[in-house]
Amino acid sequence: MLQQPIRVLQILPALHVGGVERGTLDWAIALKQMGHIPFVISGGGHGEKCLKLNGIKHITLPVGKKSLKSLLLVKHLRRLFIELKIDVVHARSRLPAWLSYLAIKKMAHKPAFVTTLHGLHTVSPYASVMSKGDAVIAVSKTASAYLTKHFSHHLKTPPVVIYRGIEHKEFPYGFQSSKDWLAQKAQQFPEQMTLKKVLLPGRFSEIKGGMGLIPWLASADTNFRLMLNAYPEESKFSRKFYDALLNAGLSERVMWLGIERDMKQLYAWTDVVLSVNKKPESFGRTVLEALSIGCPVIAFNHGGVSEVMSELFPQGLVSVNDWSELSEKINLFIQDPPKVSPHDLFSNTEQFEQTLTVYKRLLSKK
């Protein structure tokens, strides 16, 4: 018989800024609102405050620390699963998944074990755990194909494709940046407020493809600026990128924004958003957020990003690594801005309903 309410424990490395972390918090809150009982285990982070405000229990454990000592957590996790009477353990990352898998393996009364593949990891035995769930969720057809191609012998059933979603009211179509937010930016960038802005959103790293944008920037109108969610001294790669800009005489053409927590303000201020990852992404949340606001996006035609763009804004797709085509499209979109139509696809509501269906199907078999 199916228990109600369902006691769900999500486990992930930490609760800092990121798509997986945001999705975990959103799902925990939604579960509670539905009358279920959510728990979260992680190494801690900013998201703890959000859970506390919503009356959701968080247990701090170093489940993301890659060390042999982490195996000592297996018995502790097993004891927690029993004490909390967990019905579903939902793992969202490799090490927490392994620890949960090993903990559940020796339990007499096993909770359902669910994994969600959020990233296209390097294929290895270590990554195989994401295919070992009683149910395996893939955040796109791209992620599902990766699992089927590399780990089919581990899959108990085919992956369930459940696209990640957003709360559309958090990214309302036609949103305009607030006066207070713009005033703050005017203090930071007093001489650049009226210039044309191209945004490369998300955590700035080599895989984001930023180096490929330097030739475009060199040839583009001096009225254009590239915006980055980083500071020059933030990381080894950001310093490398800044040095490349200096060598090319382009250091004044980049706006270093740092971390922006209210992304809808930034999308609304931006003329064009880019997705030029070197490797395909499993989904591409920033692309969805920007398009939902109504901001044009130009993206390489691969991975989960391609799936979102094909549904919402196919005219923004360009061939992978075709930097010439990309440059032409950026210039075109800034000179003649295309209209992005409103939509209600890829919603949190749809994602949550489908995930709950997976849980209920597993529990109905117990």
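Residues numbered from 1 in each chain as written. Predicted model: local features only at pLDDT ≥ 70, side-chain atom pairs only at ≥ 80, totals over all residues. Heavy atoms only, no water.

Student: Describe the overall build of the chain, and please don't skip the residues or the numbers.
Tutor: Looking only at helices and strands, the chain features 13 helices and 13 strands. For the chain, the spread of C-alpha atoms along the three principal axes comes to 65 × 40 × 35 Å. With 366 residues in all, the chain has 52% of them scored as buried. Across the chain, every contact between residues at least 6 apart in sequence was considered, and the portion connecting residues at least 24 apart equals 68%. With an accessible surface of roughly 17100 Å², the chain has 54% of that area assigned to carbon and sulfur atoms. Within the chain, one finds 46 positive and 30 negative side-chain charges whose respective centroids are separated by 13 Å. (Helix = DSSP H or I, 4+ residues; strand = E, 2+ residues; numbered from the N terminus. Buried < 20%, exposed > 50% of the residue type's maximum accessible area, 1.4 Å probe, protein only. Contact = heavy atoms within 4.5 Å. Areas by Shrake-Rupley, 256 points an atom, 1.4 Å probe, with all protein chains shown as cover. Lys, Arg positive; Asp, Glu negative; His and termini not counted. Charge placed at Lys NZ, Arg CZ, Asp CG, Glu CD.)

Student: Tell me about the side chain of Ser-347, and name the residues and values.
Tutor: Along the chain, the position of Ser-347 falls in the loop between α12 (323-335) and α13 (348-364). With a relative accessible area of 14%, Ser-347 lands in the buried category. Beyond its immediate stretch of four places on either side in the chain, Ser-347 contacts Gly-165, Ile-166 and His-168.

Student: Give a description of the packing of helix α3 (residues 73-83) against helix α4 (residues 94-105) that names residues and reports values.
Tutor: Closest axis-to-axis distance for the α3/α4 pair is 8 Å, and the angle between their directions is 65 degrees. In this structure, the crossing between α3 and α4 has a hand that is right-handed. Along the contact surface, α3 presents Leu-73, Val-74, Leu-77, Arg-78 and Phe-81, while α4 presents Leu-99, Ser-100, Leu-102, Ala-103 and Ile-104. (Axes fitted to C-alpha atoms, helices over the stretch in contact; angles between N-to-C directions. Left-handed = near helix turned anticlockwise from the far one by under 90°.)

Student: How would you summarise the nonpolar core if you had to cite specific residues and measurements?
Tutor: Membership of the largest hydrophobic core comes to 94 residues, with the highest contact counts inside it found for Ile-41, Phe-81, Trp-216, Leu-226, Phe-241 and Met-309. In this structure, Ile-6, Trp-27, Leu-356 and Tyr-359 belong to the second largest nonpolar core, which totals 17 residues. (Core = buried A, V, L, I, M, F, W, Y, C linked by side-chain atoms within 4.5 Å.)

Student: Just give me the short version of the packing of aromatic side chains, but keep the residues and values in it.
Tutor: Per the counting criterion, the structure on display carries 19 aromatic pairs. Consider the rings of Tyr-163 and Phe-283, whose centres lie 6.3 Å apart with planes at 50 degrees: the pair is tilted. Of this pair, Tyr-163 sits in the loop between β7 (160-161) and α6 (179-188) while Phe-283 sits in the loop between β11 (272-275) and α10 (285-293), and the two are 120 residues apart along the sequence. With a centroid separation of 5.1 Å and 85 degrees between ring planes, the pair formed by Phe-204 and Phe-241 is classed as edge-to-face. Residue Phe-204 is located in the loop between β8 (196-200) and α7 (214-219), and its partner Phe-241 is located in helix α8 (residues 236-248); the two are separated by 37 residues in the primary sequence. For Phe-204, a relative accessible area of 6% corresponds to the buried category. (Phe/Tyr/Trp six-rings, centres within 6.5 Å; stacked < 30°, edge-to-face > 60°.)

Student: Explain the sheet that holds β7 residue by residue, including any values.
Tutor: What the seven strands build is an open sheet, ordered β3-β2-β1-β4-β5-β6-β7; its pairing is parallel. Two strands in the sheet have a free side with no partner beyond their single neighbour: β3 (57-60) and β7. Relative to strand β6 (residues 135-138), strand β5 (residues 112-117) runs parallel, the two being bridged by four bridges. What sits directly across from Val-114, in β6, is Ala-135. Sheet strands in contact with α4 are β1 (7-11), β4 (88-91) and β5, and its direction is about 165 degrees off that of β5. Packing of helix α5 (residues 141-151) onto the sheet brings it into contact with β5, β6 and β7, and relative to β6 it is tilted by some 135 degrees. (Pairing = 2+ DSSP bridges.)

Student: Describe the sheet that holds strand β12 (residues 297-300), with residues and values.
Tutor: One open sheet accounts for six strands, arranged β10-β9-β8-β11-β12-β13; its pairing is parallel. Strands at the two margins of the open sheet, each flanked by one partner only, are β10 (254-256) and β13 (317-318). As judged from the three bridges shared by strand β9 (residues 224-228) and β10, these two strands associate in the parallel manner. Counterpart to Leu-228 in the pairing with β10 is Trp-256. The strands that α8 touches are β9 and β10; relative to β10, the one it contacts most, it runs at about 150 degrees. Each of β8, β9, β11, β12 and β13 is contacted by α12, which is oriented at about 170 degrees to β12, the strand it contacts most.

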